[in-house]
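Coordinate analysis (summary)
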Amino acid sequence: MKVMLVNDDGYGAPGIEAMAEALKNAGHEVLVAAPDGQRSGSGQSVTLDGEVRAVRKPLGWALTGTPADCVRAGLLHLMPDCDMVISGINLGANLGTDCNYSGTAAAAREAVMNGRAAMAVSCAIRPGEKWCFRDAVYLAEYAVKVMEQLAAHPLPRGVFLNLNLPNLMRGEDFTRVRPRWAGSAATETLTWRIAAMR
């Protein structure tokens, strides 16, 4: 598949670099079209007055605009034949109404508005946890598997997948449901292990 990568953390951010490497390792053609700096919280704003400049970089392009500008420039000029747009991996979750402000989610929304399949990928940081990826490569590899499933089973036109992953390292459980007390009885603790991730 031909995949365009966008984010709101900027060209060279660890999440987008890990994503590019994972996609290449899985045999996909990749082009990065990302902002030239941090654009978190930019939502789906676009540049209406002025120009968006693009500078060639080893993985693709760094643009002076917003994530939505990057998608537009990518679809019009840089990779018009892309099959899918992936936005991320964003450092920090994008849940609920966060998606109204998130440049990560906005880039995926801009892509589906322009007729492309899209997925936004974010990494949730736990309260008190250091603000960095524990294993961006592991998360990127998982996101590629999800992308391949999305390609095989497309969402309806105009709908993008918003994937939020926990900040885990390879070998850790992907999801753990903890006991919940309901009256005098506790529900059973369940652990969901994703065998394909090992």
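**Some remarks on the overall build of the protein**
On a plain count of helices and strands, the protein comes out with five helices and 11 strands. Residues counted as buried form 46% of the 198 residues belonging to the protein. Contacts in the protein between residues at least 24 apart in sequence constitute 74% of all its contacts with a sequence separation of at least 6. Per element, the accessible surface of the protein, about 10100 Å² overall, is 54% carbon and sulfur.

**Some points on helix α2 (residues 67-78)**
Over its 12 residues, α2 runs only 14 Å from end to end, short of the ideal 16 Å by more than 12%, given 1.5 Å per residue. The elements touched by buried residues of α2 are β1 (2-6), β2 (29-35), β4 (60-63), β5 (84-91) and α4 (103-113).

**With respect to the nonpolar core**
Membership of the largest hydrophobic core comes to 33 residues, with the highest contact counts inside it found for L5, M19, L23, I86, I89, M119 and V121. Elements that contribute at least two residues to this core include exactly β1, α1 (14-25), β2, β5, β6 (117-124), α5 (136-152) and β7 (161-166). Here this core gets 10 residues from one element, more than from any other, and that element is α5.

**Here we look at the packing of α1 against α5**
Where α1 meets α5, the axes come as close as 8 Å, and the angle between the chain directions of the two elements is 55°. When the axis of α1 is compared with that of α5, the two are oblique. As for how α1 packs across α5, the hand of that crossing is right-handed. Contact residues: α1 offers P14, A18, M19, A22 and L23, while α5 offers A136, V137, A140, E141, A143, V144 and M147.

**A closer look at the environment of K145**
Of note, K145 is situated in helix α5. Linking K145 and L23, residues 122 residues apart in sequence, is a C-alpha distance of 9.5 Å.

**What about the sheet that holds β7?**
One open sheet accounts for seven strands, arranged β3-β4-β2-β1-β5-β6-β7; its pairing is mixed. Two strands close off the open sheet at either side, each with one partner strand: β3 (54-57) and β7. Going from strand to strand, the sheet's axes swing by 25° on average, the running direction of each strand aside.

Parameters and conventions
Residues numbered from 1 in each chain as written. Predicted model: local features only at pLDDT ≥ 70, side-chain atom pairs only at ≥ 80, totals over all residues. Heavy atoms only, no water. Helix = DSSP H or I, 4+ residues; strand = E, 2+ residues; numbered from the N terminus. Buried < 20%, exposed > 50% of the residue type's maximum accessible area, 1.4 Å probe, protein only. Contact = heavy atoms within 4.5 Å. Areas by Shrake-Rupley, 256 points an atom, 1.4 Å probe, with all protein chains shown as cover. Expected span 1.5 Å × (residues − 1). Core = buried A, V, L, I, M, F, W, Y, C linked by side-chain atoms within 4.5 Å. Axes fitted to C-alpha atoms, helices over the stretch in contact; angles between N-to-C directions. Parallel < 35°, antiparallel > 145°, perpendicular 65-115°, else oblique. Left-handed = near helix turned anticlockwise from the far one by under 90°. Pairing = 2+ DSSP bridges.

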